[in-house]
Amino acid sequence: MRVLITGITGFAGSHLAEFLLTQPGVEVYGIERWRSKTDNVEHIKDRLIMHECDMRDASSVRKVIETVRPDRIFHLAAQSFVPTSWKAPAETLMTNIVGQLHLFEAVRQIGITPRIQIAGSSEEYGLVHPDELPITETNPLRPLSPYGVSKVGQDLLAYQYHHSYQLHAVRTRGFNHTGPRRGDVFVESNFAQQIAKIERGLQEPVVKVGNLQAKRDYTDVRDMVRAYWLALERGEPGEVYNICSGETHSIESVLQSLLKLSSATVRVEPDPARMRPSDVPLLHGDPAKFQRRTGWRPEIPFETTLRDLLNYWRERVGAYAERV
Ligand code: GDD
């Protein structure tokens, strides 16, 4: 089975590649842009088949699809940081929505019939009212950022291509997921990185924070990528599924849990630059539909995930400190 991961050099993509390499009979293909950072897959790169491609360029996407002719596509390539989507909204919509359009058109025009997973997001729900919790797939979509809008666009484009052209697309709405290799801009990873730097004396003992009142439903990335795989193996084409643990944590409690794992004494300081024009206050998902269909259950407790994440940063920061 030829499996293509767009976004393989990213956080979830690299974990998905690791997972797929444990599956019998699977060849893992990935794409990278000519200046992509490939650190996340360096340890497995000799087992991957990489192609150069930019999702924003239709001809480059078409060429890869024609060459690989994948049986499965996991479409993870995206501009995934919410704050960047305010600074570069057009670029976010272009990469996320138009990039996916290029993928669909390439598949359609070449005439292959792969199964395609579309990585949507809980950010599509955006503003959710207290009486709508936990969030099911039928909840109205009220995105609060250009990023959220881009994910709604991707989601609906997959819906439409399924109905218009019978594309075997399965839409997943992933809630927050984290673990080792999580990008340092995302909140729990950023806090863990700051703590690791403070432990090494590379940062004054002040942790900078944004909105600590927000609440998010966290899943370990290793559970998340197993869910993506099951979405294509057992999910119904055209359908949409929440992937989440159903366990919600305030950002304040995430910070406190990380601080408990460290002996560092720190001061917490609000940083106005970390506030957003509109923040999604609360995400608490209902994974029942996906669980019924696939039997998936998250297995890794959140404490383990946070410990692994902090240890990841301790290693990286330690290696950096030794170099300088
Ligand atoms: N990034 C960041 N940095 N966020 C902070 C900080 C900080 O210093 N302090 C508080 N926050 C708050 C944000 O305002 C937000 O409410 C919450 O922490 C989580 O922020 P992020 O970690 O940046 O993630 P996100 O929830 O906006 O988006 C992530 O999850 C989505 C799924 O729900 C991303 O991974 C998206 O790509 C993904 O789709």
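Residues numbered from 1 in each chain as written. Predicted model: local features only at pLDDT ≥ 70, side-chain atom pairs only at ≥ 80, totals over all residues. Heavy atoms only, no water.

Close contacts around the ligand come from 24 residues, with S80, S121, S122, Y147 and D279 the closest. Within the side chain of S121, a nitrogen or oxygen atom sits 2.6 Å from an oxygen atom of the ligand. In this structure, R276 approaches the ligand through a side-chain N or O atom, which is 2.7 Å from an oxygen atom. Isolated, the ligand exposes 720 Å² of accessible area, and the fraction of that covered by the protein chains is 96%. Of the residues in the shell around the ligand, the class split is 11 nonpolar, seven polar and six charged. Counting contributing residues per domain, the shell around the ligand is built from domain 1 (2-178 + 219-243) and domain 2 (187-216 + 247-281 + 301-323), each supplying no fewer than three. (Near = heavy atom within 4 Å. Polar contact = N/O pair within 3.5 Å; in protein donor to acceptor, adjacent residues only side chain to side chain. Areas by Shrake-Rupley, 256 points an atom, 1.4 Å probe, with all protein chains shown as cover. Nonpolar A, V, L, I, M, F, W, Y, C, P; charged D, E, K, R; others polar. Domains from an automatic or database assignment.)

Tallied over the entire structure, the rule returns 25 salt bridges. In this structure, the salt-bridge partner of R56 is D54, at a minimum N-O distance of 2.9 Å. In this structure, E269 and R267 form a salt bridge, with 3.0 Å as the shortest nitrogen-oxygen distance. Look at the salt bridges and you will find they share partners, linking E123, R216, R276 and D279 into a network. (Salt bridge = Lys/Arg side-chain N within 4 Å of Asp/Glu carboxyl O.)

Okay, the sheet that holds strand 4 (residues 72-75) next. With parallel pairing, seven strands are arranged side by side in an open sheet as 3-2-1-4-5-6-11. Edge positions in the sheet fall to strand 3 (49-52) and strand 11 (240-243), since each has one partner strand and no second. When the angles between neighbouring strand axes are averaged without regard to direction, this sheet yields 20°. In this structure, strand 2 (residues 27-32) lies alongside strand 3, joined through four bridges in parallel fashion. In the strand pairing of strand 3, Y29 is matched with I49. (Pairing = 2+ DSSP bridges. Helix = DSSP H or I, 4+ residues; strand = E, 2+ residues; numbered from the N terminus. Axes fitted to C-alpha atoms, helices over the stretch in contact; angles between N-to-C directions.)

Moving on, we get to the domain arrangement of the protein. Reports of interface size often rely on the accessible area that becomes lost once the parts have come together. Assigned domains of the protein: these are domain 1 (2-178 + 219-243) and domain 2 (187-216 + 247-281 + 301-323). Spacing between the C-alpha centres of domain 1 and domain 2 amounts to 27 Å. Of the residues lining the interface, 14 residues belong to domain 1; the matching set on domain 2 comes to 13 residues. When the two sides are added together, the surface that domain 1 and domain 2 hide from each other amounts to roughly 1100 Å², 55% of it contributed by carbon and sulfur. Contact with domain 2 buries area across many residues of domain 1, yet W86, L144 and T178 alone supply 43% of it, more than any other trio. Counting across the domain 1 and domain 2 interface gives two salt bridges. A salt bridge links R216 to E123, with the shortest nitrogen-to-oxygen separation between them at 3.7 Å. Taken together, the links from domain 1 to domain 2 amount to four residue pairs in polar contact (both at pLDDT 80 or more). (Contact = heavy atoms within 4.5 Å. Buried area = accessible area lost by both parts, 1.4 Å probe.)

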